[in-house]
Amino acid sequence: MSTVAKRCGLKFDPPSIVVIYENENTGKMRKRVIPVRNFSQYSDCSRAAERLKYHVRHSVYVESVSLAQLERLHLILRDHLRGLSLEESLAAQRGPGPNDEDLNKLSDEELNRRKAQMDELFERNRRRKNDPDFVYDIEVEFPENSVRETCSWDNHSDDEF
């Protein structure tokens, strides 16, 4: 049976992943509620998402759902089990701006998640030679009257070396 997931969501009580999918053979839209079992506030979300993605009974329905999306749903569920509201959990997933955060203070799991997000953003913005808007040699001229930033090391003379 071939299915394409159209929407994917979360239900807190009982903990379940809800997938609205279309059966390609019949063209009918259907809803599948997949219970999330053996999941607690201490569970590993990436492992739980992988387990769901490759589960024998449910893999047909979630094969078109990305592993990252399933992991985000499990993160929201884990935050709910820890007592956070939905808004707090979503705000925590968005996180602070890229320049506002000290990556040295993050746990290994959180650091790997941030690196994966940065890699995904890089791949989306990457320009390849085959892209229609690719330009090999970009030359930019800065206006003469633009304000230049000065640094303290610019003021030193070369005689000191």
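Per an unreviewed UniProt entry, the chain goes by Centrosomal protein of 19 kDa and derives from Triplophysa tibetana. Checking UniProt for the chain, the heading Sequence similarities (unreviewed entry) contains the comment "Belongs to the CEP19 family."

### Structural notes on the pattern of salt bridges
Per the stated rule, a full pass over the model turns up 7 salt bridges. Notably, a salt bridge pairs Arg 113 with Glu 109, separated by 3.0 Å at the nearest N-O pair. Here the residue Arg 113 and the residue Glu 109 both occupy positions in helix α5 (residues 108–125), the gap between them amounting to 4 residues, near one helical turn. Overall, Arg 113 belongs to the buried group, its relative accessible area being 16%. Two residues, Arg 126 and Glu 123, come together in a salt bridge whose shortest N-O distance is 3.4 Å. Taking relative accessible area as the criterion, Arg 126 reaches 37% and is therefore assigned partly exposed. A single network of salt bridges, built from pairs that share partners, joins Arg 78, Glu 109, Glu 110, Arg 113 and Arg 114.

### Observations regarding the pairing of strand β1 (residues 3–11)
Relative to strand β2 (residues 16–23), β1 is paired through 8 bridges, and the arrangement is antiparallel. The residue bridging Gly 9 from the neighbouring strand is Val 18, located in β2. Connecting the antiparallel pair β1 and β2 is a turn made up of 4 residues.

### Some points on a nonpolar patch on the surface
A contiguous nonpolar surface patch, about 460 Å² in accessible area, is contributed by Val 135, Ile 138, Val 140 and Phe 142. Here Ile 138 shows up in the segment after α5.

### A word on the packing of aromatic side chains
The full count for this structure, using the stated rule, is 1 aromatic pair. A ring pair is formed by Tyr 21 and Tyr 61, whose centres lie 5.0 Å apart and whose planes are at 55 degrees; its orientation type is tilted. With Tyr 21 in strand β2 and Tyr 61 in helix α2 (residues 59–62), the pair connects residues that are 40 residues apart, well separated along the chain. The exposure class assigned to Tyr 61 is buried, which follows from its relative accessible area of 10%.

### A closer look at the layout of surface pockets
Taken as a whole, the second largest pocket spans an internal volume of roughly 290 Å³. Lining the second largest pocket, in full, are Ile 34, Pro 35, Val 36, Arg 37, Asn 38, Ala 48, Arg 51, Leu 52, His 55, Arg 57, His 58 and His 74. Broken down by secondary-structure element, the contributors of at least two residues to the lining of the second largest pocket are β3 (29–35) and α1 (45–53). The dominant element in the lining of the second largest pocket, judged by the number of residues it contributes, is α1, at 3 residues. Looking at the lining of the second largest pocket residue by residue, the class counts come to 5 nonpolar, 4 polar and 3 charged.

About the criteria used
- Residues numbered from 1 in each chain as written.
- Predicted model: local features only at pLDDT ≥ 70, side-chain atom pairs only at ≥ 80, totals over all residues.
- Heavy atoms only, no water.
- UniProt positions renumbered as here; feature names shortened; annotations may be inferred.
- Salt bridge = Lys/Arg side-chain N within 4 Å of Asp/Glu carboxyl O.
- Helix = DSSP H or I, 4+ residues; strand = E, 2+ residues; numbered from the N terminus.
- Buried < 20%, exposed > 50% of the residue type's maximum accessible area, 1.4 Å probe, protein only.
- Pairing = 2+ DSSP bridges.
- Patch = residues over 30% accessible without salt bridge, like charges linked within 9 Å, V, L, I, M, F, W, Y side chains within 5 Å.
- Areas by Shrake-Rupley, 256 points an atom, 1.4 Å probe, with all protein chains shown as cover.
- Phe/Tyr/Trp six-rings, centres within 6.5 Å; stacked < 30°, edge-to-face > 60°.
- 1 Å grid on protein atoms, 1.4 Å probe; cavity = no way out; pocket = protein on both sides within 12 Å on 5 of 7 lines; lining within 4 Å.
- Points joined across faces, edges and corners; volume = space filled by probe spheres on them.
- Nonpolar A, V, L, I, M, F, W, Y, C, P; charged D, E, K, R; others polar.

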